[in-house]
Amino acid sequence: METVVDASTSEEANGSAVEKKPTVVFVLGGPGSGKGTQCAYIVEHFGFSHFSAGDLLRAEMNSGSENGLMIRSMINEGKIVPSQVTVNLLQQAMEESGNDKFLIDGFPRNEENRAAFEADTGIEPAFVLFFDCPKEEMERRILNRNQGREDDNIETARKRFKVFLESSLPVVEYYESIGKLQKIDAARAIEEVFESVKTVFASINEKED
Ligand SMILES: Nc1ncnc2c1ncn2[C@@H]1O[C@H](COP(=O)(O)OP(=O)(O)O)[C@@H](O)[C@H]1O
Ligand SMILES: O=c1ccn([C@@H]2O[C@H](COP(=O)(O)OP(=O)(O)O)[C@@H](O)[C@H]2O)c(=O)[nH]1
Ligand SMILES: [Mg+2]
């Protein structure tokens, strides 16, 4: 018994039991800027697993969990759900995926989200994609989205834009200040936006090779 314990301890001490941290790319941008649309293309071309924080929260809300009602009221007011709830859902999704390359879409939405993810997972993003889009265009896209989302109405959309400007843009600016931001003009056709996205991922792959 003792020898088994000793063996595992020495394995950790010489580093062989230490796992490599996964690669995480945060995908940010205002509501309707095209995050989900572009992530689907990135998955096809670059082998990432895609987790939309909003989709995970909506699934949790519909699962009948004890947080369901709280999540629904936050989403319908365009407010940001407490970090611990979202970080737990993201961590669980990453663990269950079996992958080690993740696109995390629509998160972190504020400084508290950012700090909580880093503290709980120990992961910092490799880089951050930011889809830059004028408000009028985002509004048009949201009102035409037709996915039956309760928050895709003009009143909630305006609240979401306000939260984006006040709470999420500072996170974008933080990543810009540390040189991790990849800003993309999202006010173009889907295929044109993806051409720019591809360039970013291709240049990162080259650096890793
Ligand atoms: N470049 C684009 N041009 C026009 N419509 C777009 C573009 N990208 C996405 N859309 C559409 O706009 C809506 C919002 O896109 P989505 O990817 O869900 O954005 P987000 O996840 O940032 O809210 C969807 O109906 C989508 O089909
Ligand atoms: O990390 C997150 C992501 C989403 N949301 C909530 O979920 C809503 C919808 O987010 P989603 O990313 O799906 O919207 P999108 O930006 O794609 O329109 C937001 O307005 C917030 O209320 C949140 O609280 N924390
Ligand atoms: Mg989305």
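Scoring rules and cut-offs
- For every chain, the first residue of the written sequence is number 1, and numbering continues from 1 onward in sequence order.
- In the order they appear in the text, chains get letters beginning with A and ligands get numbers beginning with 1.
- For a predicted model such as this one, the threshold for reporting local features is a pLDDT of at least 70, and the threshold for listing and counting side-chain atom pairs is 80 or more; totals across whole chains, interfaces and linings nevertheless cover every residue.
- Water and hydrogen atoms were dropped before computing side-chain values, which therefore reflect all heavy atoms in the structure.
- UniProt positions are given in the numbering used here, feature names are shortened, and annotations may be inferred rather than shown by experiment.
- Exposure categories follow from relative accessible area, calculated using a 1.4 Å probe and restricted to protein chains: below 20% of the type maximum is buried, above 50% is exposed, and the middle band is partly exposed.
- Contact definition: two residues touch when any of their heavy atoms are within 4.5 Å.
- Residues adjacent in sequence count toward polar contacts only when both atoms are side-chain atoms; beyond that, a polar contact is any pair of N or O atoms within 3.5 Å, and within protein one must be able to donate a hydrogen and the other to accept it.
- Any residue with at least one heavy atom within 4 Å of a molecule or strand is counted as near it.
- All accessibility values rest on the Shrake-Rupley procedure with a 1.4 Å probe; residue burial counts only the protein chains present in the view.
- Numbering of helices and strands starts at the N terminus; helices are DSSP runs of H or I of at least 4 residues and strands are runs of E of at least 2.
- Charged residues are taken to be Asp, Glu, Lys and Arg, nonpolar residues to be Ala, Val, Leu, Ile, Met, Phe, Trp, Tyr, Cys and Pro, and polar residues to be all remaining types, Gly included.

> Could you clarify how one ought to interpret the UniProt feature "binding site: ATP" (unreviewed entry) in the chain in this entry?
Following the UniProt record, one finds the feature "binding site: ATP" (unreviewed entry) at G32, S33, G34, K35, G36, T37, R145 and R188. A relative accessible area of 3% places S33 in the buried class. Once you skip the residues sitting within four places of it in the chain, S33 turns out to touch F131, C133, M138, R141 and A186. Within the structure, S33 has its side chain in polar contact with the backbone oxygen of G30 (distance 2.8 Å).

> Sorry if this is basic, but what is going on with the site of ligand 1 here?
Among the 13 residues in the neighbourhood of ligand 1, the closest are listed as G32, K35, T37, R145 and R188. Separating an oxygen atom of ligand 1 from a side-chain N or O atom of T37 is a distance of 2.5 Å. The fraction of the free accessible surface of ligand 1 (560 Å²) that becomes covered by protein chains is 77%. When residues in the shell around ligand 1 are grouped by element, the largest group, three residues, is from helix α2 (residues 35–46). Broken down by class, the residue content of the shell around ligand 1 amounts to three nonpolar, six polar and four charged.

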